[in-house]
Amino acid sequence: MSEVRVRDLTVEYQTSAGRLPAVAAASLDLRAGEITGLVGESGSGKSTLALSLLNAVPAPGRIAAGSIEVAGVGDVVRLTGKQLRKVRGGELGYVFQASQNSLNPLKTIGKQLLDLGRSHEVADLRALLARAKDLADRMGMDGDRVLDSYQHELSGGMRQRIGIVFALVLNAKVLILDEPTTALDMLSQAAVLDIVRTVHDENRLSTLIITHDIGAISEIADRLAVMYGGRIVEDGPLLDVLRRPSHPYTKALIGATARITGDVDAARALPGRPPDLTTVARVGCVFRDRCPFAVAACAETEPELAVWDGDRRRACHVEPSTVLSGTPGAPAAV
Ligand code: ATP
Ligand code: MG
């Protein structure tokens, strides 16, 4: 069963060239009990998608089309005001990118947890603090000390972990983590992802983790979704996608990261640069000018994200077998 159903989501930002989509007609399910990893180069629209799940795209950006149905909540796109504030941080736990800087410098972490509890009308605030302490302890911190600390007394890595404590402490059903471990060293990163997996399993959450690090996510995710130029170009069960990438972009990304460091942006084996809102193709496939498999149709119509093998989807005009067997034709002249 899907806890979250994103359908035909289009999100636009204001640019010098007018309103342009950072996410274009994206559809994605987050299923109960599953962790979905979302990867793609910088600017592909991952954070915009994550913000949309909370209907928190900053103005003048806006959700221009589509729906985001969350079980027990309804269409988040249609929520406003108080309803939205209740859902954010309540049913939908989240850590936004770079949110280690979003704590209040004037209040201790414990006070901020109490504020969070009160704003969500939590009856037992003592239990809330106990749960936060326990989560902090399990993430390798001294929970009591952390709750008594101010933000400036904590390292970037600790602030990042506290962000995850905030996301989990209200018993969210859906967890959205945007680059949750970037400030952490490898060991702490593994420890934090481990506790995320444990809490996810204990509560049968639906979790989305955005990352540049395919290596780290492959340790804990069940599914993998790949974004390029505002589109989800491929998704499916994680191991299956890693072993048999069926979209040329996924294939290049995985090939490149396997050779280098695990960092998506180190994927230099891909010639060219990822597009931004003003340079992304408006007609045809958004990946075609970097695609070694491109055929004539790729310049004419945009491929739809379609089911092709049981539980997998891909948006590509080229036959899966051609991409899988790795024999690209001549690079397209586009
Ligand atoms: P990163 O990996 O660097 O975090 P991302 O995949 O999260 O990248 P987004 O932050 O969602 O990408 O950005 C998608 C596109 O939208 C980019 O081209 C970005 O420049 C553009 N963009 C993001 N925020 C805004 C904004 N507030 N106004 C205008 N354009 C924006
Ligand atoms: Mg981002």
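Residues numbered from 1 in each chain as written. Chains lettered and ligands numbered in written order. Predicted model: local features only at pLDDT ≥ 70, side-chain atom pairs only at ≥ 80, totals over all residues. Heavy atoms only, no water.

Asks: What exactly am I supposed to notice about the coordination of the magnesium ion (ligand 2) here?
Replies: Put simply, a metal with four donors set out as a tetrahedron has ideal angles of 109.5 degrees, and one with six donors set out as an octahedron has ideal angles of 90 or 180 degrees. Surrounding the magnesium ion (ligand 2) are the protein donor atoms Ser47 (OG) and Gln97 (OE1), which sit 2.0 to 2.2 Å from the metal. Placement of the pair is Ser47 in helix H1 (residues 46-53) and Gln97 in the loop between strand S6 (92-95) and helix H3 (109-119), with a sequence separation of 50 residues. Residue Gln97 is classed as partly exposed on the basis of its relative accessible area of 42%. (Donors = N, O, S within 2.8 Å, 3.2 Å for Na, K, Ca; no water. Helix = DSSP H or I, 4+ residues; strand = E, 2+ residues; numbered from the N terminus. Buried < 20%, exposed > 50% of the residue type's maximum accessible area, 1.4 Å probe, protein only.)

Asks: Sorry if this is basic, but what is going on with the sheet that holds strand S9 (residues 223-228) here?
Replies: In a beta sheet, neighbouring strands are held together by backbone hydrogen bonds and run either parallel or antiparallel to one another. Reading across from one edge, S6-S7-S8-S3-S9-S10-S12-S11 is the order of the eight strands in this open sheet, with mixed pairing throughout. Lying at the two open borders of the sheet, with one neighbouring strand each, are S6 and strand S11 (306-309). Pairwise comparison of adjacent strand axes, ignoring direction, gives a mean angle of 20° for this sheet. (Pairing = 2+ DSSP bridges. Axes fitted to C-alpha atoms, helices over the stretch in contact; angles between N-to-C directions.)

Asks: Sorry if this is basic, but what is going on with the pairing of strand S8 (residues 206-210) here?
Replies: On any regular strand, side chains alternate: one points to one face of the sheet, the next to the other face. In terms of burial, S8 is largely enclosed, as five of its five residues are buried. On S8, burial covers both faces: Ser206, Leu208 and Ile210 on one face and Thr207 and Ile209 on the other are all buried. In this sheet, S8 lies alongside strand S3 (residues 35-39) in parallel orientation, the contact comprising four bridges. Residue pairing in the sheet places Leu38 in a bridge with Ile210 of S8. Across five bridges, strand S7 (residues 174-178) lies against S8 in parallel orientation. Residue pairing across strands places Ile176 opposite Leu208, the latter belonging to S8. Viewed along the sheet, the connection from S7 through helix H7 (residues 186-203) into S8 turns out right-handed. (Right-handed = clockwise from strand over helix to strand, strands pointing away.)

Asks: Just to check I follow, could you spell out unusual backbone geometry for this structure?
Replies: Negative phi values dominate among residues other than glycine, just as trans dominates among peptide bonds. In this chain, Ala59 is followed by Pro60 through a cis amide linkage whose omega measures 5°. For Glu179, which is not glycine, the phi dihedral falls at a positive 50°. Along the chain, Glu179 turns up in the loop between S7 and H7. Although it is not a glycine, Arg204 sits at a positive phi angle of roughly 45°. Within the secondary structure, Arg204 sits in the loop between H7 and S8. Judged by relative accessible area, which is 52%, Arg204 ranks as exposed.

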